[in-house]
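Fold and geometry: a report
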Amino acid sequence: MKRTAVLLLAGFLLAAHGGATGIVKQRMDAMVDIGRATKTIRDAIRRSEPDAVRDAAGRIARHAAEVPKLFPDGSFHHPSEALPAISTDRAAFNALAAELALAAGELASNADAPREAARKLADACKQCHTRFRVQKKR
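Residues numbered from 1 in each chain as written. Predicted model: local features only at pLDDT ≥ 70, side-chain atom pairs only at ≥ 80, totals over all residues. Heavy atoms only, no water.

Focus on the nonpolar core
Membership of the largest hydrophobic core comes to 22 residues, with the highest contact counts inside it found for I41, V53, I60, L100, L107 and L121. Looking at this core, the elements with two or more residues in it are α2 (22-46), α3 (50-70), α5 (90-109) and α6 (115-132). The greatest single-element share of this core, amounting to 6 residues, is contributed by α3. The contact partners of L121, leaving out residues within four places of it in the chain, are I41, I60, L100, A103, A104 and L107. (Core = buried A, V, L, I, M, F, W, Y, C linked by side-chain atoms within 4.5 Å. Buried < 20%, exposed > 50% of the residue type's maximum accessible area, 1.4 Å probe, protein only. Helix = DSSP H or I, 4+ residues; strand = E, 2+ residues; numbered from the N terminus. Contact = heavy atoms within 4.5 Å.)

Here is the structure:
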């Protein structure tokens, strides 16, 4: 029974990332965690839980510091949603990663009054996704 559950979970995780492996899977996992942390922040702000905001913002800041290393040239093939434009505009991409790290750090420091810092964090994510991520069809 336990083995079946593990196999089902492994299959789900592979399907969730389209069979990604290596650095592509590592960055997809990091982006999923950033997404979860962002949702945690949104919910924690609504519930006035600054410790949860601080913790989730810290997770984002740690991932953001690693982002430039997670997108090496030549790693933009399927199932990656990252655009090859990262290679041609590396300076802008790295600047957005630094902006994300800074915004997450600011949010962690201002978890008791997080609204403006949370907006900066969301804007950093949006800017990067707009420029460097395959746009999903809605």
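There's more to say after this.
Considering the packing of aromatic side chains
Per the counting criterion, the structure on display carries 2 aromatic pairs. Summarising the aromatic geometry, the rings of F71 and F93 are spaced 5.0 Å apart at their centres and angled 65° between planes, so their arrangement reads as edge-to-face. Placement of the pair is F71 in the loop between α3 and α4 (85-88) and F93 in helix α5, with a sequence separation of 22 residues. Take F71: its relative accessible area is 7%, and that puts it in the buried class. Ring geometry for F93 against F132: centres 5.4 Å apart, planes inclined by 85°, an arrangement best described as edge-to-face. Of the two residues, F93 is situated in helix α5 and F132 in helix α6; the sequence distance between them amounts to 39 residues. The exposure class of F93 is buried, given its relative accessible area of 2%. Taken together, the ring pairs in this structure connect F71, F93 and F132 into an aromatic cluster. (Phe/Tyr/Trp six-rings, centres within 6.5 Å; stacked < 30°, edge-to-face > 60°.)

Considerations on the packing of α5 against α6
Two elements in contact, α5 and α6, have axes whose closest approach is 8 Å; the angle formed by their N-to-C orientations is 160°. With respect to α6, the axis of α5 lies roughly antiparallel. Remark: the crossing between α5 and α6 carries left-handed chirality. From α5, A92, F93, L96, E99, L100, A103, A104, E106 and L107 reach across to α6, where they touch A117, A118, K120, L121, D123, A124, C125, Q127, C128, R131 and F132. Considered class by class, the residues forming the contact of α5 with α6 number 14 nonpolar, 1 polar and 5 charged. (Axes fitted to C-alpha atoms, helices over the stretch in contact; angles between N-to-C directions. Parallel < 35°, antiparallel > 145°, perpendicular 65-115°, else oblique. Left-handed = near helix turned anticlockwise from the far one by under 90°. Nonpolar A, V, L, I, M, F, W, Y, C, P; charged D, E, K, R; others polar.)

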